[in-house]
Amino acid sequence: MMKSPRLPLYMTMATFVLAYMLCIWEFPSMFSSRVVANLLTDNAFLGITAVGMTFVILTGGIDLSVGSVIAFTGVFLAVILRDTSIHPLVAFGMVLAITIAFGAAEGAIVHYLEMPAFIVTLAGMFLMRGLAYVLSTDSVPITHEFYDVLQSIYWKAPGGGRFRLIGGVMLLVFIGAMIVLHRTKFGKNVYALGGGVQTAQLMGVPIARTTILIYATSGGLAGLAGIVYSLYTSAGYSLSTVGVELDAIAAVVIGGTLLSGGTGFVAGTFFGILIMGLIQTYIVFDGTLSSWWTKIVIGVLLFTFIMLQKVLAWATTARRKPATEFAMRS
Amino acid sequence: MSTTPEPVLQATGVSKFFPGAIALDDVSLSLYPGEVHALLGENGAGKSTLIKCLTGAYKRDAGTILLDGKEIDPRDPQGSLALGIGTVYQEVNLLSNMTVAENLFLGWQPMRHGMINNREMVKRSKEVLSGFGLDIDPSQLLSSYSIAIQQVVAIARAVELAGKVLILDEPTASLDREEIDLLFSVVRKLTERGLAVVFITHFLDQVFEISDRATILRNGRIVGTRELANATQTEIVTMMLGRQLEEAKKERGKAVIGETILELKNYGRRGTIEPFDMILHKGEVIGLAGLLGSGRSETAGVIFGSTPADQGTATLNGEAIKIDSPRSSIHLGFGLCPEDRKTDGIVGDLSVRENIILSLQARRGWTRPISRAKAEKIAEDYVKKLDIRLASLDMPIRLLSGGNQQKALLARWLATEPDILILDEPTRGIDVGAHAEIIELIQTLREQGMALIVASSELEELITYSSRIVVLRDRRQVKELQGDEISIGAIVRSIAEEGGAQL
């Protein structure tokens, strides 16, 4: 059947399974709940960021500001918790409000000023990184008992793997994003925008609202990723998470989402994240390889997946059905 | 209806200005429930602009629009859709990255527990489409179906959404007769329900077949509104053009066929077109006839080199040549006006002047730029010769109407003074006036000794200027007709032979 848009997704899943099997074949100890649990925990902030990035890229846009937003969030939380007696939950709410508003503002500029998302979010990237520096140039440790409580929540699986809260948050975000994308009008509008802004507009899709909501989602999820990152590192540092936006884009593309927009799935992004995490884990297990090999393998994977998409695009245009369906009229 | 009904939609004094041009000037239109109202006019007369003002796609500069007696001001197509005004545009305006069902129900998906009910959506899509005689799987991607099917889906969507007014902007351009009949039967059902339908088309026969009244526009102004029951086609055409269409019908002198210019032997491309022989003389027009997908455009592409031949030989003026790209054929004196002017032809954001000199510049090479003054002169020359209607040579070509874009494209190739000009569907989507002018132009070019190859689906037009007609079927040349053999009947018989009778 013509389920071609799902093909890149299946390819990504197959790649992950195959890669994991190769890893286990070489290092049988990689087949453990510890590895899986760490995969989720270590990549939680990146995964959450990549979900927001998937939304943006599905519409044909891009969000370069997310890495800086994560750093800003971390520093903001650290400074607030150090200097005031505000409860972390309230601080979370505050920082989410800021990042959502920031994303919404980026979306509004992209839409109303008809500016390329690349430039707008590039400006946002510098702005947020700068704000983080203004708050503090040093790494600020977070020592709050509520953080200790959150960090101590985990589910111990057979085999000793500890599935921590932040990994669970990431899974929830992925599930939520799938429901939103496939079962809500907003989700369908995201795909519609990616299929063609003008056409979507003529079909009655609220372009302004959808665009702003998408960038607000990306900003908000980057904020959530920042919270998760601060839980992960127990600190806020303005120099952290440089280039995370590019890792997120890589995960989205490896996951089979077209950079031109309109085609892709969050599930693909999930496996994109897992593949990237798996490469890192493998290098740790190997012990002799430089960690830069991660980048090299991701680079090769990106090229492979882009080529694959090109080939699939050719294949599907060649298979377009002729007008024979009319012959089946009753 | 015995009592005079209230108009469902009444537009009064609508005006729209573009930089340097008045697109609509004080236009008024009344639509009554249950009527099919045709909107007629040449390309650039303002039909599409009027529609876009009604639906809010364009912001009108003056005028009021009343719907059921209440003033409305839709700011975007979504707003007008919510008010009950549905529109099907000239080109298929659906999303090819989404499924048929998603396209049908985008924005008004059936919901359950706050979520889209996909199963219900597919089920209802099947019902809606079967009302249009279409039995397809709505859960497949829209792009996996042909353009004609996509067009029917677009119509189905608008019909489902429109509660009061349905606007059909050239919906039949890509449909065959059977599909048109279906569409018309649906339109009749809708008008029985009290819907008002606006119908825009270039096919006058269809206008008389389905419409009750017609409003004619010319140069952005209303010429008049007629009850079609007591109007004639000639009357309507005269109103559209403001002049009689005599010139186009003028009997032409017999073609003076000159020496052989191009000879193709066993020429073809695997998977594109079966090998064929063709001899083209100076001062003659070879017409390519056949159904959609029969290999007309493919033949044009192979000769021009945009999809180069992989077998056979070509001789130009007695010398063996090799055409492996449009670049080489342009240098040899070929020109091709492609079928799809939006994707293959015009460069929308460049000015009309730049579009006209584009090929000439390419042929001269980038080291010998054409001076601004010279470009201006060439462009002005052709604008005058071809009667291209525009506000300024510097305006982006995408702002021109379809017919004028087509003429500008022709001008581009004529500026290179080609020996062989290939035209693929030169009159597609063009109004009667521009149509006649382009036919006239083809004949003039032929008389001047140019050799032309014209692919067209309009047989009547093809037989007026072709000295020979090549009939294609299933990507293969099946028949060559010349002289007195040429008639519509003969072409149709050749197309339909061997059981492929689906005209």
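Cut-offs applied
- Residues numbered from 1 in each chain as written.
- Chains lettered and ligands numbered in written order.
- Predicted model: local features only at pLDDT ≥ 70, side-chain atom pairs only at ≥ 80, totals over all residues.
- Heavy atoms only, no water.
- Helix = DSSP H or I, 4+ residues; strand = E, 2+ residues; numbered from the N terminus.
- Rg over C-alpha atoms; globule rule 2.2 N^0.38 Å.
- Buried < 20%, exposed > 50% of the residue type's maximum accessible area, 1.4 Å probe, protein only.
- Contact = heavy atoms within 4.5 Å.
- Areas by Shrake-Rupley, 256 points an atom, 1.4 Å probe, with all protein chains shown as cover.
- Lys, Arg positive; Asp, Glu negative; His and termini not counted.
- Charge placed at Lys NZ, Arg CZ, Asp CG, Glu CD.
- UniProt positions renumbered as here; feature names shortened; annotations may be inferred.
- Buried area = accessible area lost by both parts, 1.4 Å probe.
- Salt bridge = Lys/Arg side-chain N within 4 Å of Asp/Glu carboxyl O.
- Polar contact = N/O pair within 3.5 Å; in protein donor to acceptor, adjacent residues only side chain to side chain.
- Nonpolar A, V, L, I, M, F, W, Y, C, P; charged D, E, K, R; others polar.

Thoughts on the overall build of chain A
Then comes step 1: Within chain A one finds 14 helices and 4 strands.
Then comes step 2: Taking 2.2 N^0.38 as the reference for a compact globule, 330 residues should give roughly 20 Å; the C-alpha atoms of chain A span a radius of gyration of 21 Å, in line with that estimate.
Then comes step 3: Overall, the C-alpha framework of chain A stretches about 75 × 55 × 35 Å when taken along its three principal axes.
Then comes step 4: Relative to its full complement of 330 residues, chain A shows a buried share of 53%.
Then comes step 5: Taking the contacts inside chain A whose residues are at least 6 apart along the sequence as the reference set, 78% of them involve residues at least 24 apart.
Then comes step 6: As presented, chain A carries roughly 14,900 Å² of accessible surface, and 71% of it is formed by carbon and sulfur atoms.
Then comes step 7: One way to put it: in chain A the 18 positive side-chain charges average out to a point 17 Å from where the 13 negative ones average out.

What about the UniProt feature "transmembrane region" (unreviewed entry) in chain A?
Residues and elements named next belong to chain A.
Then comes step 1: The residues that UniProt annotates with the feature "transmembrane region" (unreviewed entry) are residues 53-81, 88-109, 115-135, 163-181, 212-232 and 292-312.
Then comes step 2: Taken end to end, residues 163-181 comprises 89% helix and 11% strand; its first and last C-alpha atoms sit 26 Å apart.
Then comes step 3: Helix and strand shares over residues 212-232 are 100% and 0% respectively, and the end C-alpha atoms of the span are 30 Å apart.

Here's the deal with the interface of chain B and chain A
Then comes step 1: At the junction of the two partners, chain B supplies 42 residues and chain A supplies 35 residues.
Then comes step 2: Around 3,100 Å² of area is buried between chain B and chain A when both sides are counted, 60% of it from carbon and sulfur atoms.
Then comes step 3: The interface formed by chain B and chain A includes 1 salt bridge.
Then comes step 4: The salt bridge partner of E102 of chain B is K188 of chain A, with a shortest N-O separation of 2.6 Å.
Then comes step 5: The interface formed by chain B and chain A holds 6 residue pairs in polar contact (both at pLDDT 80 or more) in total.
Then comes step 6: Counting residues per element, the ones that place at least two in the side of chain B that touches chain A are α2 (77-83), α3 (100-105), β8 (115-116), α5 (147-161) and α6 (177-192) of chain B.
Then comes step 7: Here the element with the most residues in the side of chain B that touches chain A is α5 of chain B; it accounts for 6 residues.
Then comes step 8: Of the residues contributing to the side of chain B that touches chain A, the split by class is 20 nonpolar, 16 polar and 6 charged.

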